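In case you want the letters, here they are:
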Amino acid sequence: MRLVIARCSVDYVGRLTAHLPSAVRLVLVKADGSVSIHADGRAYKPLNWMSPPCVIAEDGGVWRVTNRAAERLVITLEEVLHDSSHELGIDPGLRKDGVEAHLQVLLADRPDAIAAGLTLIRREYETGIGPVDLLCRDSDGSTVAVEIKRKGEIDGVEQLTRYLVRLDADPALPHPVRGILAAQSITPQARLLAADRGLGCAVVDYDELRGLEPSIPTLF
């Protein structure tokens, strides 16, 4: 991982344009090829980013970051305050809470609750940057990667996108590989980003999977 702290301006050129005026920011370049720009605020959320795979061209104080869709981030470095690279190694992955872990077990037993015709190949299939929750096969014989969350948000879409890049390069899998984000609820923003990335979304009922009555009473 490369960390650059610099006074910089950032321009995004793609389906729309966006500009970040000059300020001191942190630029993260991860081993998976992603680039993100952070301010000293917004918690973990970047001001702008480019998901992998990306091509980074450095020309003096100007970085041009381009993805497969030909979208481009232009980062103009005016003053570099820090520039270092660190080898983090393979991360063991996030330990899921009780609900997410149990959802994974339940959906592994009933993948058809995610989408009709799905059958399980393997749980916790390793991608090299972390395991995807379920690896499945659909009725057409194509590979389907399923990431399971209690609440589906943009981070889950980004995580699944990174896994799909790795799975697309896996010669052991039938191709194409598509992805589905499965959760008890999914935010509108996550749905929009998922649709933009060509990913599916599936809302699953935890109580129904456990064979329980709905927690909210119904009239009929």
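Residues numbered from 1 in each chain as written. Predicted model: local features only at pLDDT ≥ 70, side-chain atom pairs only at ≥ 80, totals over all residues. Heavy atoms only, no water.

Draft legend 1. Focus on the sheet that holds strand S11 (residues 177–186). Ordered by their spatial adjacency, 5 strands build an open sheet running S8-S9-S10-S11-S12, and the pairing between neighbours is mixed. Looking along the sheet, the strands with just one partner apiece sit at the ends: strand S8 (119–126) and strand S12 (200–203). Between one strand and the next, the sheet's axes are offset by a mean angle of 30°, whatever the strand orientation. In the packing of helix H2 (residues 154–168) onto the sheet, contacts are made with S8, strand S9 (131–137), strand S10 (143–152) and S11, and the angle to S11 comes to roughly 160°. (Pairing = 2+ DSSP bridges. Helix = DSSP H or I, 4+ residues; strand = E, 2+ residues; numbered from the N terminus. Axes fitted to C-alpha atoms, helices over the stretch in contact; angles between N-to-C directions. Contact = heavy atoms within 4.5 Å.)

Draft legend 2. Main features of the domain arrangement of the chain. Domain parsing of the chain yields domain 1 (2–85) and domain 2 (99–211). When each unit is reduced to the centre of its C-alpha atoms, the spacing between domain 1 and domain 2 is 29 Å. Taken together, the contact between domain 1 and domain 2 spans 8 residues of the former and 6 residues of the latter. At the boundary of domain 1 with domain 2, total buried surface from both sides reaches about 620 Å², with 49% on carbon and sulfur atoms. Across the domain 1-domain 2 interface, the total number found is 1 salt bridge. Notably, a salt bridge pairs Arg-162 with Asp-32, separated by 3.9 Å at the nearest N-O pair. (Domains from an automatic or database assignment. Buried area = accessible area lost by both parts, 1.4 Å probe. Salt bridge = Lys/Arg side-chain N within 4 Å of Asp/Glu carboxyl O.)

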